[in-house]
Structures are given as C-alpha cells and as structure tokens.
Amino acid sequence: MTTTRTTAENAAPYGYTADKDAYLKRLRRIEGQVRGIARMVEEDKYCIDILTQVAAVNKALHAVSMGLLEEHISHCVVGAAQESQVSGSDDAVQEKVQEATAAIGRLLR
C-alpha cells in the first residue's frame, strides 16, 4: 500500500529515520531467529522448543511494530497537526490519525 506524503513531509524524513539503523539491526536479528526456527523444524526439534522460539519472534516483531507506530504518531501525526495550524485545515491530521488507527487495527488482529 502506497501513501502520499504532503509537502511538509517530503521535506523531512520519516519519523523512524533517526533510528533506522537500530530498526534494521533488530529486523536482521529477527530474520536470523526465523532461519533458526526453520533449522529446528528441519532437524526435528521438540515442538515446544520451536513454539518458544516462534513466540520470541512474535514478541520481537511486536516491539518493532510498536516502535514504528510510536514514531508515526510522534512525527507524522504531530507534524500534520503543526501543518494544520499554519494551513487552517485539519485534513492532514485526520488522514494521519486514520492511518495510525488502521495500523493499530492490523496489529490487534
């Protein structure tokens, strides 16, 4: 899904940009965990041990998701609110809040 960015957003990086390296490091670690789980299945490891590792990956992905959501709210929503004060229109704010709400809904499924 592609979202359009307003002029103010085009001038600034996404909210997570400052922490991009940390996010990439975490995601690479998760990727390694997933490969480890696949190896466990290939090696016929005990199912409970595999499930424990799956739960750890889910928790790690959840932490990344929550961090990105927090970045969206603190950067994109706040930026849209500041922009609305200048423009007098709250359309951008409503769009960013709807994006955040939809993302939370996807995370809760």
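You'll find the structure just up there.
Now for a look at the structure at hand. These numbers were taken from a predicted model, which means no experiment stands behind them.

The subject of this paragraph is the overall build of the chain. Helices and strands together make up the secondary structure of the chain, namely four helices and zero strands. Listed N to C, the secondary structure of the chain is α-α-α-α in terms of helices and strands. Taken across its 109 residues, the chain has 21% of its residues classed as buried. For the chain, contacts bridging at least 24 residues in sequence account for 62% of all contacts bridging at least 6. In the structure as shown, the chain presents an accessible area of about 7900 Å², 57% of it carried by carbon and sulfur atoms.

The next subject is the environment of serine 74. Structurally, the position occupied by serine 74 is in helix α3 (residues 47-87). Residues serine 74 and glycine 15, spaced 59 residues apart in sequence, show a C-alpha to C-alpha distance of 7.4 Å.

For serine 84, the location among the structural elements is in helix α3. On the basis of relative accessibility, which here comes to 16%, the residue serine 84 falls in the buried class. Other than its neighbours up to four places away in sequence, serine 84 contacts Ser89, Asp90 and Val93.

For the pair helix α2 (residues 20-42) and α3, the least separation of the axes is 10 Å and the interaxial angle reads 160 degrees. Here α3 runs roughly antiparallel to α2, going by the angle between their axes. Here α2 runs over α3; the crossing is left-handed. For the contact of α2 with α3, the residue count by class is 16 nonpolar, three polar and three charged.

Between its first and last C-alpha atoms α2 spans 33 Å; for 23 residues at 1.5 Å apiece the expected length is 33 Å, and the two agree. Looking at α2, one finds that the buried residues are Tyr23, Ile30, Gly36, Ile37 and Met40. Buried residues along α2 sit against α3. Residue aspartate 44 follows α2 closely and has a positive phi angle near 55 degrees.

What counts and what doesn't
The residue numbers shown here count from 1 along each chain, following its written sequence. The model is predicted, so local features are restricted to residues of pLDDT at least 70 and side-chain atom pairs to those at 80 or more, both for listing and for counting; the totals for chains, interfaces and linings are taken over all residues. With hydrogens and water excluded, all non-hydrogen atoms of the structure serve as input to the side-chain values. Helix and strand assignments follow DSSP, with helices taken as H or I runs no shorter than four residues and strands as E runs no shorter than two, numbered in order from the N terminus. The classification of residues rests on relative accessible area computed with a 1.4 Å probe and restricted to protein chains. Under 20% of the type maximum is buried, over 50% is exposed, and intermediate values are partly exposed. Residues count as neighbours in contact if any of their non-hydrogen atoms are within 4.5 Å of one another. Note on areas: Shrake-Rupley, 1.4 Å probe, and residue coverage restricted to the protein chains presented here. Whenever a helix is involved, its axis is fitted only over the stretch in contact; in every case the axis is a line through C-alpha atoms, and angles between N-to-C directions fall within 0 to 180 degrees. Relative orientations are named as follows: roughly parallel for angles under 35 degrees, roughly antiparallel for angles over 145 degrees, roughly perpendicular for angles from 65 to 115 degrees, and oblique for any other angle. Crossings are sorted by hand: turned counterclockwise from the far helix by less than a right angle, the near helix makes the crossing left-handed, and turned clockwise it makes it right-handed. Residue classes follow a fixed rule: Ala, Val, Leu, Ile, Met, Phe, Trp, Tyr, Cys and Pro count as nonpolar, while Asp, Glu, Lys and Arg count as charged, and any other residue, Gly among them, counts as polar. What a helix should span is 1.5 Å times the count of its residues minus one.

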